[in-house]
Every structure is written in C-alpha cells, then in structure tokens.
Amino acid sequence: QFVEQALIEAAAAQPLVEIRWGHLAKTVLQSDDTQDCAMLEVHTDEGSYVQAAQYIVACDGAKSPIRSQFSRQYGLKLEGSAYEGRFVIADIRIQLPLPTERLAFFDPAWNPGNTVLMHRQPLDMWRVDYQLPPDETPEHALTLASLTERINAQLVMIGQAGMPWQLDWSSVYSARALTLPRYRQGRVLFAGDAAHLLPIFGVRGANTGLQDAQNLAWKLARVVQSQAPLALLDSYSHERVAAAREIVHEAGKSTRFMTPPTRGFRLLRDAVLSLSLTQAFVRPLYHWRTSRAHAYTDSPLNAACYDAAADDNLAMAETGVAVGEPLANVALGGGSFLLDHMAHGAMAGFVLLVFGDPAQVLSAGIPPLLAQIRASGTGAALLSINHPDAMARYAGHHGQTVYLVRPDHHVCARWLSLGAPTGAARLQAALTRAVGGQP
C-alpha cells in the first residue's frame, strides 16, 4: 500500500499524467507498427470509448484482458510451468515479539505435509502464508472460520497462543512460473504480471515488475521523442524476457523445494533440512531467496566491439562491474552513496563514470562530446569518483576505470581509459549502440 500511495502521488504531481479510475482497458483495436497510433477500447460504467495512443503499456495484471486478446490474435501465450498446490495469504494485524525475518515451517503439526511461511510487514502487519491440502477448495479456505482456526494454530506453534489479531486481507494463489516469449507486439508492450507470472517464493513478483518499468521507461521516452529507433523497444523485450526466464529457472528449484511434487523430491527436501542442522555444506541448497537484478550480459545495447588495439575489457574481467550488470552501490563517505549522485527516472541521462583522474583517462575530445549529447536531450553527464572504497570496487588494481552507465543504472560499456586518438570515437559508438543504433 505504501508503494501504491507513493506512485499515485508521483503521478498526480505530473501535469502530463491523467489517472482515470474505473476505466477498464478491454481491447486493443489497432497495434501495428505501420499505423500512426494504437487504438484502445475502454469500458466504463457510463459506456465505452476509444482512446488513441502512440504506444500502449499493458500492465493489467495476472488476468490481463489484453494478454488474453493477443493470445488469441497473435498466439502470444505464456510459457513455463504451473505447479500443483494452492496457498492462502492472510495479512493480520498483531503485535508479536519476533524479529523481522522470513520464517519457514515445513510439515508443521497443524498442517501436516505442507509448508507455512510468515514474515513481518509495516505497522504491526504479519503475513501468514500456508499451503492447502489438495482436496480443499479456495472458497472454503477463505471462510472466516477456516482462517481463524489456522491462524490460531500457527500462533500456538510459535508460542504466541491467545494473542489478539485482526484480519486485514486474504487471498488464494498457486505457484506459477510463466512468461510471454516476447513483451512487444507492434505498439503494445507488456510489463509486470501481464508479461509474466512468477512464484512468491524468493520475493520476485513485485520486484520484477518494478525492474520491467525501470527498463522500459527510459527507452519508451526516447522512442516517443524521436531520440532513438524502434530497435530500442525490442531491446526491452530481449532483456526482460531473459530476466524472467532466469527467474523461471530459479523459481522451479525453489518451488519444488517448498512444495515437493513427488515423493523423491520430498525425501531430498527433508534430507537437506535435517542435515543442515549439523552440516554446513548442505545449507546453500535451500537458499531460495534469489531475488536480484538481472545482468543484461547479452544485451544488443552493450558495446561489445572495441578497437582491437585498445580492447581492455578482457583485462578487467576479474575486477569491477561487468558490462550488463547493474551498478553496485558503494558508500562515498559522509552518509553519501554512489547512486545518490545518479539521476533517476525516465528522462535520466547516460553517465560517464570515471574512477581516477579524468585528465589522464579521457581524451580531450570527450567533454565537448558530452556537452553535445546533453544538448540533444539524450542525457550524458560526467561523474568523477575518487573515494577509496569505490575505487577498490570499480577499478581494482588498475587504479582507473571508465564506465558508461545507462539511465536504468546498468553498465553498457567500460574501458581502462578513453584516451586519444580513439577515445571519443569509441564513446560515440558505445552511445549509439546503447540507444538502439548501429555504430
């Protein structure tokens, strides 16, 4: 609710944003790249209307009507695995003297053969997440009597019997690890649960949707403003589908651990749990909290081609942040962090991040090039960092490094130096590639 409130307030502060409550985006009437715009049929209580748009971003959730339409019309269907077993989520207000950490209970006495998760949320809210027996219907599971019986049983198990609590919200879900094979169809782009359905295990769902938005926003802004070719939107699909597929792979392992589909998987899971009490080598096998930013290592936006005589990327293979990876935030002293100095949002620019003396690692032609790029509206600023902790993380034993950073804070090129005579040309080629062009 805090994230939603912050997003609503941010949208309300933008004069170009209009929020229309109670308007259901039902059908895309036109989505072809060859057309001047996309046409969207919108339903309201007062009737329907057609809205024209340069592009449509379908963020209409797990039951996306637009995705269903495109499945029928273009064969754009979710791919992956849907796992057996249903879970109840119950958010309750209760004051518990427990640490802020995720608790997992396997085969508890009150829910034999199944799994229970529990963790603290803000404002004395706790989430109880428990697996249902295979023969129980969602309708029965969400009755107040069923919820009360199970929540009280969980409180007894953790030594908090009789603690007063209040139900705030409840729902039933199943573990699914699915993604569309592409997130762009003409002038329609998919994001969030409309693009992929990911299990809750590992804290992936909302995080992945936010990363979709972070990736798409700066690209769509530049295409709409004619600062980049359509190929930049294709890179959104390339990068984020790869991220979803990585999560689908990881989610399969964690889901099979949480909800073993066969007797063999259950034996393996139980053996790991029992051995982990005394055997350290076993413990990493059940580290199922795998939410992390995806590294766009094979992105078409990465500057993979260098002047052979100046190709220093391989020399940096063991140090620093690799091309495609997100920036690692580091403290710069005085309560300041590296990302505090980076612009955020759709219209943030590229940043040339220099570790070391800029006069020694940049050719004379680069500052005017950056000024020209800034004037064109595509961003690009020069940020010089000399803090020892940041230097150790980014430059290692080389003592100097230059990174080109995208608006979403992923590295798209790096060099030991951009000196004369080829430095400015290499930077220009990397920037051209980073906005979807060909050097």
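Residues numbered from 1 in each chain as written. Predicted model: local features only at pLDDT ≥ 70, side-chain atom pairs only at ≥ 80, totals over all residues. Heavy atoms only, no water.

Overview of the overall build of the chain
Across its full length, the chain carries eleven helices and 18 strands. Once the C-alpha set of the chain is aligned to its principal axes, its extents read approximately 75 × 65 × 40 Å. Per-residue burial over the chain gives 44% buried out of 439 residues. Sequence-distant contacts in the chain: of pairs separated by 6 or more residues, those separated by 24 or more amount to 68%. As presented, the chain carries roughly 21600 Å² of accessible surface, and 56% of it is formed by carbon and sulfur atoms. Side chains of the chain carry 35 positive and 39 negative charges; the gap between the two charge centres is 4 Å. (Helix = DSSP H or I, 4+ residues; strand = E, 2+ residues; numbered from the N terminus. Buried < 20%, exposed > 50% of the residue type's maximum accessible area, 1.4 Å probe, protein only. Contact = heavy atoms within 4.5 Å. Areas by Shrake-Rupley, 256 points an atom, 1.4 Å probe, with all protein chains shown as cover. Lys, Arg positive; Asp, Glu negative; His and termini not counted. Charge placed at Lys NZ, Arg CZ, Asp CG, Glu CD.)

Observations regarding the environment of alanine 364
Within the secondary structure, alanine 364 is located in the loop between helix H8 (358–361) and helix H9 (366–375). Taking the C-alpha atoms as reference, alanine 364 lies 7.3 Å from alanine 420; in sequence the two are 56 residues apart.

Looking at the nonpolar core
If you look at the biggest cluster of nonpolar residues, it comprises 49 residues, and the most contacted ones within it are Ile66, Phe190, Leu352, Leu404, Trp415 and Leu427. For this core, the element with the most residues is helix H6 (residues 231–258), which contributes five residues. Leucine 404 has contacts with Phe350, Val351, Leu352, His410, Val411, Cys412, Ala413, Trp415, Leu427, Ala430 and Leu431, leaving out every residue within four places of it along the chain. In this structure, Val330, Phe355, Ile385 and Ala395 belong to the second largest nonpolar core, which totals 21 residues. (Core = buried A, V, L, I, M, F, W, Y, C linked by side-chain atoms within 4.5 Å.)

Some details on the packing of aromatic side chains
For the coordinates displayed, the defined rule picks out nine aromatic pairs. Centre to centre, the rings of tyrosine 183 and tyrosine 236 are 6.1 Å apart; their planes meet at 50 degrees, and the pair counts as tilted. In this pair, tyrosine 183 sits in the loop between strand E9 (166–179) and strand E10 (184–185) while tyrosine 236 sits in helix H6, placing the two residues 53 residues apart along the sequence. Side by side, tyrosine 183 and tyrosine 236 carry an identical accessibility label, which is buried. Ring geometry for tryptophan 218 versus phenylalanine 350: centroids 5.6 Å apart, planes at 90 degrees, classification edge-to-face. (Phe/Tyr/Trp six-rings, centres within 6.5 Å; stacked < 30°, edge-to-face > 60°.)

What to know about unusual backbone geometry
With a phi close to 60 degrees, leucine 123 is a non-glycine residue in the positive phi region. With respect to the secondary-structure elements, leucine 123 resides in the loop between strand E7 (115–121) and strand E8 (125–131). By relative accessible area, leucine 123 is classed as exposed at 54%. Positive phi, normally seen in glycine, also occurs at histidine 409, with a value near 70 degrees.

Some words on the pattern of salt bridges
Applying the stated criterion across every chain yields a total of eleven salt bridges. The salt bridge partner of arginine 127 is aspartate 91, with a shortest N-O separation of 2.7 Å. On the criterion of sequence distance, the pair formed by arginine 127 in strand E8 and aspartate 91 in strand E5 (residues 79–93) is long-range, its members being 36 residues apart. For the pair arginine 127 and aspartate 91, a shared accessibility class is recorded, and that class is buried. Beyond isolated ion pairs, a larger network of salt bridges with shared partners links Lys219, Glu239, Arg406 and Asp408. (Salt bridge = Lys/Arg side-chain N within 4 Å of Asp/Glu carboxyl O.)

Topic: the packing of helix H5 (residues 205–224) against H6
Working note: a packed helix pair is described by the angle between its axes plus the distance between those axes. In the contact formed by H5 and H6, the axes pass within 9 Å of each other and the chain directions differ by 170 degrees. It follows that H5 is roughly antiparallel to H6 by the angle criterion. Contacts between H5 and H6 involve Thr208, Gln211, Asp212, Asn215, Leu216, Trp218, Lys219, Leu220, Arg222 and Val223 from the first element and Leu232, Leu233, Ser235, Tyr236, Glu239, Arg240 and Ile247 from the second. Grouping the constituent residues of the contact of H5 with H6 by class yields eight nonpolar, four polar and five charged. (Axes fitted to C-alpha atoms, helices over the stretch in contact; angles between N-to-C directions. Parallel < 35°, antiparallel > 145°, perpendicular 65-115°, else oblique. Nonpolar A, V, L, I, M, F, W, Y, C, P; charged D, E, K, R; others polar.)

A closer look at the packing of H6 against helix H7 (residues 263–275)
Remark: H6 packs on H7, axes separated minimally by 8 Å, with the N-to-C direction vectors making an angle of 85 degrees. The orientation of H6 relative to H7 falls into the category roughly perpendicular. Each of Arg256, Phe257 and Met258 in H6 lies in contact with H7, whose residues at this interface are Phe265, Arg269, Val272 and Leu273. Here the contact of H6 with H7 is composed, by residue class, of five nonpolar, no polar and two charged.

Notes on the state of the cysteines
Per the counting criterion, the structure on display carries zero disulfides. The thiol sulfur of cysteine 59 is not disulfide-bonded, and the nearest other cysteine sulfur, from cysteine 37, lies at 19 Å. Its relative accessible area of 56% is what places cysteine 59 among the exposed residues. (Disulfide = S-S within 2.5 Å.)

Comments concerning the sheet that holds strand E4 (residues 56–58)
Taken in spatial order, the three strands make up an open sheet running E4-E11-E10, and their pairing is mixed. Each edge of the sheet is formed by a strand with only one pairing partner; in this case those strands are E4 and E10. Judged from the three bridges that link them, E4 and strand E11 (residues 188–190) form a sheet pairing that is parallel. When the bridges of E11 are listed, isoleucine 56 appears paired with valine 188. (Pairing = 2+ DSSP bridges.)

Description of the environment of leucine 301
Tracing the backbone through its elements, the reader meets leucine 301 in the loop between H7 and strand E13 (331–333). For leucine 301, a relative accessible area of 2% translates into the label buried. Among residues more than four places away in sequence, those in contact with leucine 301 are Trp218, Lys219, Leu232, Ser235, Glu239, Arg406, Cys412, Arg433, Ala434 and Gly436.

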